[in-house]
Amino acid sequence: MSNATQLLHSIPIDPLTGALAVPIYQTSTFVQEAPGVNKGFDYSRTNNPTRATLEKIIAELEHGATGAAFASGLAAIDAVVKLLKSGDEVIAVDDIYGGAYRLFTQVYEQYGISIKFVDFSNPENVFNAITDKTKLIWIETPTNPTLKIADIAAIAKIAKANHCLLCVDNTFASPALQQPLLLGADLVVHSATKYLGGHSDVIAGIVVAKDATLGARIKFFQNACGAVLAPFDSWLIIRGLETLYLRLKQHGINAQAIAEYLENHPAVDKVFYPGLPSHPNHAIAKKQSKGFGGIVSFSLKTDELKLAEVFVSSTKIFKLAESLGGVKSLISHPANMTHKSIPSEKRKAAGVSDSLIRLSVGIEEVEDLISDLENTFASISHLHPHKKAVLETSQAN
């Protein structure tokens, strides 16, 4: 069977009633026959049938042994970092999600875990950064928001040779496009809020471990620390997974067309999309994934914070909002939104310029999306770098 068919039929029929949809077991506790004697469930923080079904589905989808569902993507990342101890070192991608940067630097560094940020688009950079303290290598590919691509298989060989765990944040690609565990990774994390849910209506995180021993450690932290996904939210992710392959196909078609449009626009400086032949990592992206995803970023030739703010506040179909991966198109300004917690100099060094704009391309008709961008470019065409008053007035309005 194809992966899409296999996914749909991995979602079980309820054995008690024959219900086609997975039941929502909205309960905190379960009656036991005797102390410690139960039907596999005693308390919903430890285990819940709806969450357990989701965890099994996503583990199979990512070709892993164990899945664990958390209350957010950051809670999932937090569980992975808990595998480390004081004195350990993490090598992480430099163009990292702002929330992960904050967690690494403002939470875990105070406990003696050091973080080193590296450009992963060249595996040699990772090799050169490793020390005897390195215990975890952290990849986002594509990265957020400049869509750099890391060669997962090449970095997996480096990790194994140096006895390091390799964790891949697979949020942007999703398992519909990319399976990091098959390429040598040990762990995969997702902000399931994004493409796995797909409808901008739930906050969730996933960790999938390649082997059961590592998975048992993640499950221990899930139960011991308690940031579990609720039954109804688990059901929402299961529902979203049913259309994952269909949605990702349309996201990719639309994103490719928009990236090509932006690449030829006179007001645009750079376009970041791995589906473009001009992308420096296009060949690796094509090799390790089945598509290029629905995220497109671009910078303006006039690299001004204010101008970018006016642009993202002027679109009609693209809604100005945090997050990504839903069926409706969103627009954001990383410097003031997702990456605001990263110091300006570090943000710019990682390629996140003042005017960088990120599009989460939805599944609307692509002609409407391009028209929305075209109208927005036209509406700001009178704004120039020296017209500060105009920019400030536009932003105030």
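For the structure given in this document, a descriptive report is provided here. Owing to the predicted nature of the structure, the values given are computational and were not obtained by experimental measurement.

### Here's the deal with the sheet that holds strand S10 (residues 319-320)
Spatially, the five strands line up as an open sheet ordered S8-S9-S12-S11-S10, and their pairing is mixed. Unpaired on one side and paired on the other, strand S8 (268-272) and S10 mark the two borders of the sheet. Relative to strand S9 (residues 295-300), S8 runs antiparallel, the two sharing four bridges. Bridge pairing in S9 links Phe-272 to Ser-297.

### Brief notes about the nonpolar core
The biggest cluster of nonpolar side chains holds 84 residues, and the ones touching the most others in it are Phe-120, Trp-138 and Leu-241. Ranked by the residues each element gives to this core, the list is headed by helix H3 (residues 73-81), at six residues. Once you skip the residues sitting within four places of it in the chain, Leu-241 turns out to touch Leu-7, Leu-54, Ile-57, Ile-58, Leu-61, Leu-196 and Arg-247. Counting 28 residues, the second-largest nonpolar core is a separate cluster that includes Ala-255, Val-271, Leu-300 and Ile-380.

### A word on the packing of H3 against helix H4 (residues 98-108)
Between two packed helices, what matters for the description is the angle formed by their axes and the separation of those axes. Where H3 meets H4, the closest approach of the two axes is 10 Å, and the angle between their N-to-C directions is 45°. In terms of their interaxial angle, H3 and H4 are classed as oblique. For H3 against H4, the interelement crossing comes out right-handed. Listed contacts from H4 to Leu-74, Ile-77, Asp-78 and Val-81 of H3 are Gly-99, Ala-100, Arg-102, Leu-103, Phe-104 and Tyr-108. Looking at the contact of H3 with H4 residue by residue, the classes come out as seven nonpolar, one polar and two charged.

### Points about the sheet that holds strand S2 (residues 89-93)
Taking strand neighbours across the sheet as the criterion, the seven strands line up as S1-S7-S6-S5-S4-S2-S3 in an open arrangement whose pairing is mixed. Two strands in the sheet have a free side with no partner beyond their single neighbour: strand S1 (66-70) and strand S3 (114-118). For this sheet, the mean angle separating the axes of adjacent strands, direction not counted, is 20°. Note: S2 against strand S4 (residues 134-140), four bridges, orientation parallel. Looking at the pairing, Glu-89 lines up with Thr-134 of S4. Helix-sheet contacts for helix H2 (residues 49-61) involve S1 and strand S7 (205-209), and the interaxial angle to S1 is about 130°.

### Here we look at the pattern of salt bridges
Pairs can form between side chains of opposite charge once their charged atoms are near each other. Scanning the entire structure with this criterion turns up eleven salt bridges. A salt bridge links Asp-88 to Lys-85; the shortest N-O distance between them is 3.8 Å. Looking at Lys-85, the relative accessible area reads 55%, which means it is exposed. Note that Asp-201 and Arg-239 form a salt bridge whose closest N and O atoms lie 2.8 Å from each other. Of this pair, Asp-201 sits in the loop between strand S6 (187-191) and S7 while Arg-239 sits in helix H8 (residues 231-241), and the two are 38 residues apart along the sequence. In this structure Asp-201 comes out as partly exposed when scored by relative accessible area, which is 36%. You can call Arg-239 partly exposed: its relative accessible area is 30%.

### Overview of the side chain of Gln-256
With respect to the helices, strands and loops of the structure, Gln-256 is situated in helix H9 (residues 244-263). The exposure class assigned to Gln-256 is buried, which follows from its relative accessible area of 18%.

### As for empty space enclosed by the protein
Evaluation of the coordinates by the stated rule reveals one cavity of 30 Å³ or more. In this structure, the largest cavity occupies an estimated 90 Å³ of space. Around the largest cavity sit 15 residues that line it, and Pro-142, Pro-274, Gly-291, Phe-292 and Gly-293 are the ones nearest its centre. Class assignment for the residues of the lining of the largest cavity results in ten nonpolar, five polar and no charged.

### Observations regarding the side chain of Ser-44
The residue Ser-44 is located in the loop between helix H1 (3-10) and H2 in this model. By relative accessible area, which is 10% here, Ser-44 ends up buried. In this structure the side chain of Ser-44 is engaged in a polar contact, spanning 2.6 Å, whose partner is the backbone oxygen of Thr-27. Within the structure, Ser-44 has its side chain in polar contact with the side chain of Asn-48 (distance 2.9 Å).

### Digging into the packing of aromatic side chains
Aromatic ring pairs are reported here in terms of the distance separating the ring centres and the angle at which the planes meet. Following the criterion strictly, the structure yields ten aromatic pairs and no others. The interplanar angle of 35° and the centroid separation of 5.6 Å between the aromatic rings of Phe-30 and Phe-41 together place this pair among those described as tilted. Of this pair, Phe-30 sits in the loop between H1 and H2 while Phe-41 sits in the loop between H1 and H2; the two residues are eleven residues apart in sequence, bridging distant segments of the chain. Exposure remark for Phe-30: the relative accessible area of 18% places this residue in the buried category.

### Quick word on unusual backbone geometry
Geometrically, the link from Thr-141 to Pro-142 is a cis peptide bond, its omega value of -5° lying close to zero. Relative to the elements of secondary structure, Pro-142 occurs in the loop between S4 and helix H6 (152-161). Omega for the peptide link from Asn-144 to Pro-145 comes to 15°, which places this bond in the cis form. Mapping Pro-145 onto the fold places it in the loop between S4 and H6. A positive phi angle is found at His-63, which is not glycine, with a value near 60°. Along the chain, His-63 falls in the loop between H2 and S1. Under the relative-accessibility criterion, His-63 is labelled partly exposed at 38%.

What counts, and where the lines are drawn
The numbering scheme is per chain: residues are counted from 1 as the chain's sequence reads. Given that the model is predicted, a residue must reach a pLDDT of at least 70 before its local features are reported, and side-chain atom pairs must reach 80 or more before they are shown or counted; all residues, however, enter totals for whole chains, interfaces and linings. Each side-chain value is worked out from all heavy atoms of the structure, with water and hydrogens disregarded. We treat two strands as partners when DSSP finds at least two bridges between them. For the purposes of this entry, the term helix denotes a DSSP run of H or I that reaches at least four residues, the term strand denotes a run of E that reaches at least two, and both are numbered from the N terminus. Buried residues of nine kinds, namely Ala, Val, Leu, Ile, Met, Phe, Trp, Tyr and Cys, make up a nonpolar core once their side-chain atoms join them within 4.5 Å. For the exposure calls, accessible area comes from a 1.4 Å probe over protein chains only, and a residue counts as buried if that area is under 20% of its type's maximum, exposed if over 50%, partly exposed in between. By definition, residues are in contact when any of their heavy atoms lie within 4.5 Å. Think of each axis as a best-fit line through the C-alpha atoms, taken over the contacting stretch in the case of a helix, with angles from 0 to 180 degrees between the N-to-C directions. When an angle is under 35 degrees it counts as roughly parallel; over 145 it counts as roughly antiparallel; between 65 and 115 it counts as roughly perpendicular; any other value is oblique. Crossing handedness is read from the near helix: turned anticlockwise from the far helix by less than a right angle, it gives a left-handed crossing, and turned clockwise, a right-handed one. Think of it as three bins: nonpolar holds Ala, Val, Leu, Ile, Met, Phe, Trp, Tyr, Cys and Pro, charged holds Asp, Glu, Lys and Arg, and polar takes everything else, Gly as well. When a carboxyl oxygen of Asp or Glu is within 4 Å of a side-chain nitrogen of Lys or Arg, the pair counts as a salt bridge. Computed over the protein atoms alone on a 1 Å grid, cavities are sets of points where a 1.4 Å probe fits but cannot get out and pockets are open sets with protein on both sides within 12 Å along at least five of seven lines; a residue lines them when it has an atom within 4 Å of a point. Grid points are joined across faces, edges and corners, and a volume is the space filled by probe spheres set on the points. In protein, a polar contact means a hydrogen-donor-capable atom and an acceptor-capable atom, both N or O and within 3.5 Å, with residues adjacent in sequence counting only if both atoms are side-chain atoms; elsewhere, any N or O pair within 3.5 Å suffices. When the centres of two rings from Phe, Tyr and Trp lie within 6.5 Å, Trp using its six-membered ring, the rings pair. Their planes under 30 degrees apart give stacked, over 60 give edge-to-face, and anything left gives tilted.

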